[in-house]
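# Summary of structural features
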Amino acid sequence: MRVARIDENICDRSPFCPAAMSCRFKAFKVTFGGSFRINISIDEEKCTGCGVCTRYCPHGAIELVEKEKAS
C-alpha cells in the first residue's frame, strides 16, 4: 500500500496548504506552534494513497511511497 510523504526540505509549510485542503480523508494535520511556526504532517492510518494531494502541492513536496510494514 502506498501513502503520501512530505519532503520537509521542499514544503513551504503554508497554513493555507492546498494539498492539505484537497484531502477528503482528513489525513493532513496542520498545527501552529507559535512565532509563525507551522507543521504539516500526514496521518498514515488515514491516508489511502489516492495521490490527489500530490497534484495539489504547488511545490511538488509530496510523493507517494510504499508504506513500511510493521514488524
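Conventions we followed
- Residues numbered from 1 in each chain as written.
- Predicted model: local features only at pLDDT ≥ 70, side-chain atom pairs only at ≥ 80, totals over all residues.
- Heavy atoms only, no water.
- Helix = DSSP H or I, 4+ residues; strand = E, 2+ residues; numbered from the N terminus.
- Areas by Shrake-Rupley, 256 points an atom, 1.4 Å probe, with all protein chains shown as cover.
- Lys, Arg positive; Asp, Glu negative; His and termini not counted.
- Charge placed at Lys NZ, Arg CZ, Asp CG, Glu CD.
- Pairing = 2+ DSSP bridges.
- Buried < 20%, exposed > 50% of the residue type's maximum accessible area, 1.4 Å probe, protein only.
- Contact = heavy atoms within 4.5 Å.
- Core = buried A, V, L, I, M, F, W, Y, C linked by side-chain atoms within 4.5 Å.

## Description of the overall build of the chain
- On a plain count of helices and strands, the chain comes out with 2 helices and 4 strands.
- Listing each helix as α and each strand as β along the chain from the N terminus yields β-α-β-β-α-β.
- In terms of overall dimensions, the chain has a C-alpha envelope of 40 × 25 × 25 Å along the principal axes.
- In the form shown here, the chain has an accessible surface area of approximately 5,100 Å², with 52% of it arising from carbon and sulfur atoms.
- One way to put it: in the chain the 11 positive side-chain charges average out to a point 6 Å from where the 9 negative ones average out.

## With respect to the pairing of strand β2 (residues 28-32)
- Bridge count between β2 and strand β3 (residues 38-42): 5 bridges; the pairing is antiparallel. Along β3, the bridge assignment pairs Phe32 with Ile38.
- Joining the antiparallel neighbours β2 and β3 is a turn of 5 residues, in which Gly34 adopts a positive phi near 80°.

## A word on the environment of Asn39
- Mapped onto the elements of the fold, Asn39 is located in strand β3.
- On the basis of relative accessible area, Asn39 is assigned to the partly exposed category, the value being 38%.
- For the pair formed by Asn39 and Ser14, sequence separation is 25 residues and the distance between their alpha carbons is 8.8 Å.
- Among all residues touching Asn39, those that are not within four sequence positions of it are Lys29, Val30 and Thr31.

## Notes on the side chain of Ser22
- When you line up the elements, Ser22 lands in helix α1 (residues 18-22).
- Its relative accessible area of 17% is what places Ser22 among the buried residues.
- The contact partners of Ser22, leaving out residues within four places of it in the chain, are Val52, Cys53 and Tyr56.

## Side note on the nonpolar core
- Judged by nonpolar contacts, the single largest core of 19 residues is most densely connected at Ile6, Ala19, Phe28, Ile40, Ile42 and Ile62.
- Of all the elements in the fold, those that place two or more residues in this core are β1 (2-6), α1, β3 and β4 (62-66).

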